[in-house]
Amino acid sequence: MIPVSWIFALSVLVFATGALGVLIRKNAIVMFLCIELMLNGANIFFVGVSKMRGAAEGHIFVLFMMAIAAAEAAIGMAIITAFYRRKGGVEVDRADLMKW
Amino acid sequence: MEMGNFPILSVLTFFPLVGVAIIAFINRENVNVIRWTAFVISVIEFIISIPLYFAFKLGTPQFQFVEKLPWIKSWGAYYYMGIDGITLFLVLLTTFLTMLSILASWSINKRVKEYMISFLFLETTMIGVFCALDLLLFYLFWEVMLIPMFLLIGVWGGPRRVYAAIKFFLYTMVGSVLMLGAIIYLYWMHYKATGTLSFELMELLKLKLDPRVVPFLFLAFALAFAIKVPMWPFHTWLPDAHVEAPTAGSVILAGILLKMGTYGFMRFCMPFFPAAVQKFAILFLALAVIGIIYGALVALVQEDIKKLVAYSSVSHLGTCMLGLFALNLQSVSGGLLQMINHGISTGALFLLVGMIYDRRHTRLIKEYGGIAKVMPIYATFFMIAVFSSCGLPGLNGFVGEFLTLLGAFKTYPLFAVLGATATVLSAAYLLWMYKRVFFHEITNPENMKLKDLNLREFIIMVLIVIPMFWIGLYPKPFLERMQPSVEAFIKLAKGEKSVVYQMEGRKVNLASLISEKLER
Amino acid sequence: MLKLILAVILIPLAGAMINGLFCWKTKRKAHLIAVPAIAIPAVISLVLFWKVAHGQRFDGTFYWWISVGNFRIPIGFLLDELSAVMIVTVTFVATWIHIYSIGYMDHETDRGYAKYFCYLNFFVFFMLTLVLANNYLLMFVGWEGVGLCSYLLIGYWYEKASAANAGMKAFITNRVGDFGFMIALFLLYKHLGSLIYHDVFASAHELTLPLATLITLLLFMGATGKSAQIPLYVWLPDAMEGPTPVSSLIHAATMVTAGVYMVARSHVLYNLAPFSMEVVASIGAATAMFAASMALVNNDLKRVLAYSTVSQLGYMFVGVGVGAYAAGVFHLFTHAFFKGLMFLCAGSVMHALHGELDMQKMGGLYNKMKITAITFIIGALAISGVPPLAGFWSKDSILHHAFVSGHKIIWFVGTVTAAMTAFYMFRLIFLTFFGEPRDKHIYEIAHENPPVMTIPLMVLAFFSATVGLLALLPGGGFEGFLNRLFEAAHHGAEHAAHGGHEAGGAAVLILISVLVAFMGIGLAYAMYMKHTPDPKKLTERFRPIYTLLYNRYYVDELYFALFINPTVGISRHVLWKIVDVLIIDGIVNGVARLCSLVGNLIRKIHTGFIPDYAWAILVGIIIVCGLKIIF
């Protein structure tokens, strides 16, 4: 049996990797992937908790989240595509309308 | 006249909003319909306000026409309205001047619909400020009032209107914020002391405050009101706002809004903190006297007629403040009467300046000269207003000014003597201006073809001249209505809290009244 | 009685209102309203005077005007010997001046004509209020009101810059005096609790000496403004810019004497303050001489008369200042007739010469305008103190009282001034009416005026000649009548003057004053008719003095340099441009600028890059969590 703490450690690791990726990468697609990683980190956490408490709610939430993540991925990719068309690249520092 | 349970103050306060609603449904192209609607509404409003004068009970300092409804129960805030001898004439002045101002706004051609809506909305908030006896309600009206005034200056004003409007708004806000803080402090102190939540004026008056914080609270209130008055050195928003505002805006600004400062001192600042009044009396008297002399001297050298009148307001309001802080019956009555007088005479001056501005589109004194010849009626009215403003006996200005100085002399002779120099200086700046504008030969050909007042303008001026003579010759009805409230104010401001107002008379419930009517 | 008094006061007001409100209707018929509006009160005044002469007095309230706490001021009237004399003088002289004005103002526009009569009636209304008031505040109403009318009438020809300036100057100068007056009222109220004569005088003895002195000096400050005494006399010569009947009525006969009236009215207070009395008498004497010296060299017909008025007012103040209130008021009374007359004569000359005022251009007008010339000479003889004309009695009485009350210097100054008065008056007459015409054109156009103007001249001339004889009436004459009022208040503080007249000494004094009058006349005759000594040569020899006098001691220039220019300069360059705009507004705008400066700095952290914001969020989370863990 894998101890719950390992599952939690994995979730934190995945989440941290994602967060770090969002913070330091400039490519919008990579950042987007990293966001997915963060979501999955959270999912793993839910699964872990669910397993620990022997209840099913966590699993149900995970399913919901995956569905939402899928929808979000569609919209996100659409935004990035549109962004690429306007700005000629997917680097986020091309988006500077909010500067000052 | 018996008023029964008629909630006259609520009707007065919110009736202009009915006008707003009506105007909102008029096509903006029908400029004249909008103007007339607004005017008729303001006339009806004035007529509604007249019964206040007759039904007002003499000889009692208690609030009258009181209405009290729960407003925000969980905060202990009430919709609580009432007037006494201090506010009676301020309310009447408001309805009166608003009526004249709207009549004087015929020359506004830009966005007439929005203009009239702003104006009527402004009237609602002004009456609300004077009637509110609940501090939260008062604060609400006080702040909301800035919005229509801000728009009036910022949209319909002169070339530097945006600067002036923002300056006016921010200046006032600075004071208001501190006042809000002080109000909330009082509110919590009251809660701590009694365990009940209340913003009621009478409840908060009973508070015993920590003597160490009293000066700070006093100053927080005082700053808000001193800016509004405006006392020297917080006056610099005034010339800008006046010069840039449209004529009617200036009239209301000088006639009513400045009075809210002095009114605030009388209603809140001084009764709440009598200890601090004693402590700071000399400071405020000194500022008042500086304001009187300084305003007059600076008015002397202005090149713009409107700016001259604006600085003269600083001087006149200094007299009011001198009267209030001298704290005796004559001086306070005089100060209060001077508030009304200033509204009338300075209002008249602004109206007159507006009339000539409509014709020539300049207010520079050097552009004029000799126009008494082409506009004799105008010149006559202007002269009456000038003499009313500089306190000629027989006109209103004298009674107020003399009483103020006489009273002030009893308690603070030095300040009164210094303040009395205003009589010389005001004659100097007003007559010098009058001479340069109306006398001499006409040198500027533009002035040759000026037309004298038309019927509308003539009616405005006749209406505003009547109270000048009335107060000047027979001030008794005014003074006797003020006196009990003034006495109560003096006792409160001297710290004799035994006379705290009691809730008197009926409580009117608007909702139940309406349902009653409907059932019948 | 109240009804009659109200009628006296309100009829002129009604006249003013009708002409003021309906000036486009009344037009050239304005005088049909204005003249009766004065003549009827004049008749009623006589009735009232008759009643007072028979011992009646009136002190009553019409309605309460201002009433706040213990400060209660009625619109109330007091009719006693003093006010009775005043109302008769005012309404009588005013009636004739109104009639005269019909002729004098006939060149005016229709509306201007109505406006003129409106102002004139209005003036009489305020003047009567002033003298009939039973309290100081109502007197102050009249006091300021006559100032207003004076302002309006001086500036009647407002298109002339000099007229507009003169009106403003008159009003503001008066306001300076009124400032003192107001402070005096404050003091009276503070210490006696009332401004009603009756109460004030009844409790006046409670005042301490310094307080009484201060109050009376401040009241006198008001009087120096209104009655054109040093240092506030400067407005009166300029006031000659107004129409001449106005100069006659307001700036000679009535309004300017209000100060004298006020001092006489307040005699109870002045009796308490000997020092103030000295000040009043000294300023009066100084003004009398000072003004007379300026009249010596002036060539402007009306200005000579104006300086003469200032000088004569000085005499009146000498009178009231040495405690001879009745003598002062007597001089006020006679002066109203002869000075009013002389101004009307000057107006008559002006009217005939189309506004010419320079005496150097006149001469020989006697042949053309006999009535004017003769009446003027009667007036001049009266003012010079030639017996038995009016001025002799009153002026002599003042000088007599000054002498016997121990004011020898003042008496001397007064006597010298009397000589100067006679000299400049006859200089004026000789230059204007006699000798060779110096300007042919002006001589050509000269003509005698219509009867509407000459009849008032003759009437006033008659009275100028005769009113002095009232001094001979039984019971102390005119002064005895007034002393019923003044002596009653005098109690023990009696001046030696009022005791026994030393017949021998009095005769010497009379002789001296008559002598100096003739000396003055004789000198004027020698200089301006015989040219020995020739005035031109004298002028050359005493050039500096002449220049000084001719330029009126440069007092106007001095006032401008000392008071007006610095005030305006400091206001403009320091108070407005520096304190207001630079400092106060600088601070206000500085605060605003500081805010935007800080904002500008802080906004730099908004880079617009999403990762930066994400970093900020992360750092924030760590800090918050860290704090949570630590605490």
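Reading guide: rules and limits
- Residues numbered from 1 in each chain as written.
- Chains lettered and ligands numbered in written order.
- Predicted model: local features only at pLDDT ≥ 70, side-chain atom pairs only at ≥ 80, totals over all residues.
- Helix = DSSP H or I, 4+ residues; strand = E, 2+ residues; numbered from the N terminus.
- Rg over C-alpha atoms; globule rule 2.2 N^0.38 Å.
- Buried ≥ 20, exposed ≤ 12 C-beta atoms within 10 Å, placed from the backbone.
- Contact = placed C-beta atoms within 7 Å.
- Expected span 1.5 Å × (residues − 1).
- Nonpolar A, V, L, I, M, F, W, Y, C, P; charged D, E, K, R; others polar.
- pLDDT = per-residue confidence, 0-100.
- Pairing = 2+ DSSP bridges.
- Axes fitted to C-alpha atoms, helices over the stretch in contact; angles between N-to-C directions.
- Parallel < 35°, antiparallel > 145°, perpendicular 65-115°, else oblique.
- Left-handed = near helix turned anticlockwise from the far one by under 90°.

**Student:** Explain the overall build of chain A to me, using residue names and the numbers behind them.
**Tutor:** For chain A, the count of helices and strands is three helices and zero strands. Mapped in sequence order, the helices and strands of chain A form the string α-α-α. The C-alpha radius of gyration of chain A comes to 17 Å, more than 25% above the 13 Å expected for a compact globule of 100 residues. When burial is assessed residue by residue, chain A has 12% of its 100 residues classed as buried. Of the contacts formed within chain A by residues at least 6 apart in sequence, a portion of 51% connects residues at least 24 apart.

**Student:** Please provide a residue-by-residue account of helix H13 (residues 305-326) of chain B, values included.
**Tutor:** Residue and element names in this part refer to chain B. Relative to the 32 Å expected for 22 residues at 1.5 Å per residue, H13 spans 32 Å between its end C-alpha atoms, a close match to the ideal helical length. Judged by how many residues are buried, H13 sits mostly within the fold: 22 of 22 residues are covered. Trailing H13 by a residue or two, Leu327 shows a phi angle of about 50°, which is positive.

**Student:** An account of the interface of chain A and chain C is requested, with residue identities and associated values reported.
**Tutor:** Each side of the interface is counted separately: chain A has nine residues, and chain C has ten residues. Class assignment of the residues belonging to the side of chain A that touches chain C gives a composition of six nonpolar, no polar and three charged.

**Student:** Pulling in residues and values, what's your account of the confidence of the model for chain C?
**Tutor:** All names here are of chain C. Confidence in the prediction of chain C, expressed as mean pLDDT, is 89, and 97% of residues score 70 or more. Below a pLDDT of 50 lies the segment residues 491-501, which in the model reaches eleven contacts outside its immediate sequence neighbourhood of four places, other chains included. The complex model carries a pTM of 0.88, and its ipTM stands at 0.91.

**Student:** Residues and numbers for the pairing of strand E1 (residues 64-72) of chain B, please.
**Tutor:** One ladder, built from six bridges, connects E1 of chain B with strand E2 (residues 77-83) of chain B; its direction is antiparallel. The residue of E2 of chain B that forms the bridge with Pro70 of chain B is Tyr78 of chain B.

**Student:** How would you summarise the packing of helix H5 (residues 110-132) of chain C against helix H6 (residues 136-154) of chain C if you had to cite specific residues and measurements?
**Tutor:** Residue and element names in this part refer to chain C. In contact at an axis separation of 7 Å, H5 and H6 are set at 155° when each is read in the N-to-C sense. In terms of orientation, H5 and H6 fall into the roughly antiparallel class. Between H5 and H6 lies a crossing of left-handed hand. Taken together, the residues of H6 that come into contact with H5 (itself represented by Tyr119, Phe122, Phe123, Phe126, Met127, Thr129 and Leu130) are Leu138, Met139, Val141, Gly142, Trp143, Gly145, Val146, Cys149, Leu152 and Leu153. Looking at side-chain class alone, the contact of H5 with H6 contains 14 nonpolar, three polar and no charged residues.

**Student:** Summarise the arrangement of the chains; cite the residues concerned and give the values.
**Tutor:** The highest contact count of any of the two pairs of chains in contact belongs to chains B and C. Nowhere do chain A and chain B come into contact; their C-alpha atoms are at least 23 Å apart.

**Student:** Which residues make up the interface of chain C and chain B, and what are the values?
**Tutor:** Tallying the contact residues gives 38 residues for chain C and 41 residues for chain B. If you list the elements that add at least two residues to the side of chain C that touches chain B, you get strand E1 (58-68), H6, helix H7 (161-192) and helix H26 (555-602) of chain C. Residues that form the side of chain C that touches chain B fall into these classes: 24 nonpolar, six polar and eight charged.

**Student:** Can you break down the packing of helix H4 (residues 112-131) of chain B against helix H6 (residues 146-156) of chain B residue by residue, with the values?
**Tutor:** All names here are of chain B. Put simply, H4 and H6 touch, their axes get as near as 8 Å, and they point 150° apart. Relative to H6, the element H4 is oriented roughly antiparallel. Here H4 and H6 pass one another in a crossing that is left-handed. Within the contact between the two elements, H4 uses Tyr115, Ser118, Phe121, Leu122 and Thr125 and H6 uses Pro148, Met149, Leu151, Leu152 and Trp156. Looking at the contact of H4 with H6 residue by residue, the classes come out as eight nonpolar, two polar and no charged.

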